[in-house]
Every structure is written in C-alpha cells, then in structure tokens.
Amino acid sequence: GDWRMRLQLFLEDWQSSPGAFVFTLTVTLAIIAQVILMMVATNSFGADRLNECAIWVLSWVLTGFFTIELVLRTVSKRSCKEMCFSAYWWIDLVSVLPDYVALVLATAAGYELDRCAMADDDSDDDDVIETLRAFLRVFRV
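Report on the accompanying structure. Every value quoted in this text rests on a predicted model; they were computed, and no experiment measured them.

## A word on the overall build of the protein chain
Next, step 1: Secondary structure summary: the protein chain contains 6 helices and 0 strands in total.
Next, step 2: When its helices and strands are written in sequence order, the protein chain yields α-α-α-α-α-α.
Next, step 3: Relative to its full complement of 141 residues, the protein chain shows a buried share of 29%.
Next, step 4: For the protein chain, long-range pairs separated by at least 24 residues make up 64% of all intrachain contacts whose partners lie at least 6 apart in sequence.

If you want it as structure tokens, here you go:
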C-alpha cells in the first residue's frame, strides 16, 4: 500500500523529490518534442518532407514513453474509482490511445505500418493512416 502512495507522489508532485523533478521535466520536454514532431510531420514549418522514417521512430519512442507513464499512474492508484477521478490519468490515456487506435485500424486494413520499410513508397493509402494518426494525436497536446 505505501509504495503506491510514494509512486503517486513521485508522479504528481514535482517538489516531492529531486527524482520527481527530473521526471516532471522529462515529461514536459517529451510533450514539447511531441508537439514539434507533429508540426514537422504535418509540414507546419513549410519545409520539404523530412525523413519520414526518423519521424515515425521518434513518434513511437514518445508513445512508448507516454505509455510507461500511463502504466505507472495506473498501478499507483488503489482503486478504479481513484483512477477514474485522476485528471492526470485521463490526460495520459487520451495521449496514447490515438496512436494505438490508428495502429489497430491500420493493421485491420492491411496497411504497411513500418514507415522506414517504405521510405521510397509514395502511396496515398499510407497517407490516409498517417493523416488519421496525426488527427488523433492532437489529443495528446
């Protein structure tokens, strides 16, 4: 029981320890990186298409990081009720869910998921999934 309270304090109060401060800073930087990555992926800077493979890999690394944060927040709660009333938990859930929904939809539709494997392919079918993923990812911000 006590470890859950310490974990919750670590995750939700940046002043509780130096480690909590570093964790909060890392999460903040990851959110900023996600926003910049989304802007680059949607060509918001007006540049030519950048390396889609790098964007794809970085996006999934960030999704993995946010998923770990969600799992930590989930195990830090003592009950489902406590979890449901946690604003941070809902923010984390909404931040990762779109990527996994897009992954499931792309898999079900038979699309190639690995942007690195299809770097030379300019298929419009793949753009449909990327557009859906970018649209759903707005919820992370």
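Still to come is the rest of the account.
## Some points on the environment of T63
Next, step 1: Inspection of the secondary structure puts T63 in helix α3 (residues 52-76).
Next, step 2: Distance from T63 to L97, taken between C-alpha atoms, is 9.3 Å for residues 34 residues apart in sequence.

## A word on the state of the cysteines
Next, step 1: Applying the stated criterion across every chain yields a total of 0 disulfides.
Next, step 2: No disulfide involves C80; its nearest neighbouring cysteine sulfur is the one of C84, lying 4.2 Å away.

## With respect to the packing of aromatic side chains
Next, step 1: Applying the stated rule across the entire model yields 5 aromatic pairs.
Next, step 2: Summarising the aromatic geometry, the rings of W14 and F21 are spaced 5.9 Å apart at their centres and angled 55 degrees between planes, so their arrangement reads as tilted.
Next, step 3: The class for F21 is partly exposed, based on a relative accessible area of 42%.
Next, step 4: A centroid spacing of 5.8 Å and a plane angle of 65 degrees characterise the contact between F65 and F66, whose relative ring orientation is edge-to-face.

## Some remarks on the packing of α3 against helix α5 (residues 87-109)
Next, step 1: α5 packs onto α3 with a crossing angle of 135 degrees between their chain directions and a minimal axis gap of 9 Å. Classified by the interaxial angle, the pair formed by α3 and α5 is oblique. As for how α3 packs across α5, the hand of that crossing is left-handed. In this structure, α3 uses W60, T63, F66, T67, E69, L70, R73 and T74 to contact α5, whose residues at the interface are Y88, W89, D92, L93, S95, V96, D99, Y100 and L103.
Next, step 2: Partitioned by chemical class, the residues of the contact of α3 with α5 number 9 nonpolar, 4 polar and 4 charged.

## A few points about the pattern of salt bridges
Next, step 1: Counting across every chain of the model gives 6 salt bridges.
Next, step 2: K77 serves as the salt-bridge partner of E12, at 2.8 Å between the closest nitrogen and oxygen. Note that E12 is positioned in helix α1 (residues 2-12) and K77 in the loop between α3 and α4 (80-84), a separation of 65 residues in sequence.
Next, step 3: On the basis of relative accessible area, E12 is assigned to the partly exposed category, the value being 27%.
Next, step 4: Judged by relative accessible area, which is 5%, K77 ranks as buried.
Next, step 5: Measuring nitrogen to oxygen at the nearest pair gives 3.0 Å for the salt bridge that ties E69 to R73. Of the two residues, E69 and R73 are both situated in helix α3; the distance of 4 residues between them amounts to about one turn of the helix. R73 matches E69 in its accessibility class, with the two residues each being buried.

Parameters and conventions
Residues numbered from 1 in each chain as written. Predicted model: local features only at pLDDT ≥ 70, side-chain atom pairs only at ≥ 80, totals over all residues. Heavy atoms only, no water. Helix = DSSP H or I, 4+ residues; strand = E, 2+ residues; numbered from the N terminus. Buried < 20%, exposed > 50% of the residue type's maximum accessible area, 1.4 Å probe, protein only. Contact = heavy atoms within 4.5 Å. Disulfide = S-S within 2.5 Å. Phe/Tyr/Trp six-rings, centres within 6.5 Å; stacked < 30°, edge-to-face > 60°. Axes fitted to C-alpha atoms, helices over the stretch in contact; angles between N-to-C directions. Parallel < 35°, antiparallel > 145°, perpendicular 65-115°, else oblique. Left-handed = near helix turned anticlockwise from the far one by under 90°. Nonpolar A, V, L, I, M, F, W, Y, C, P; charged D, E, K, R; others polar. Salt bridge = Lys/Arg side-chain N within 4 Å of Asp/Glu carboxyl O.

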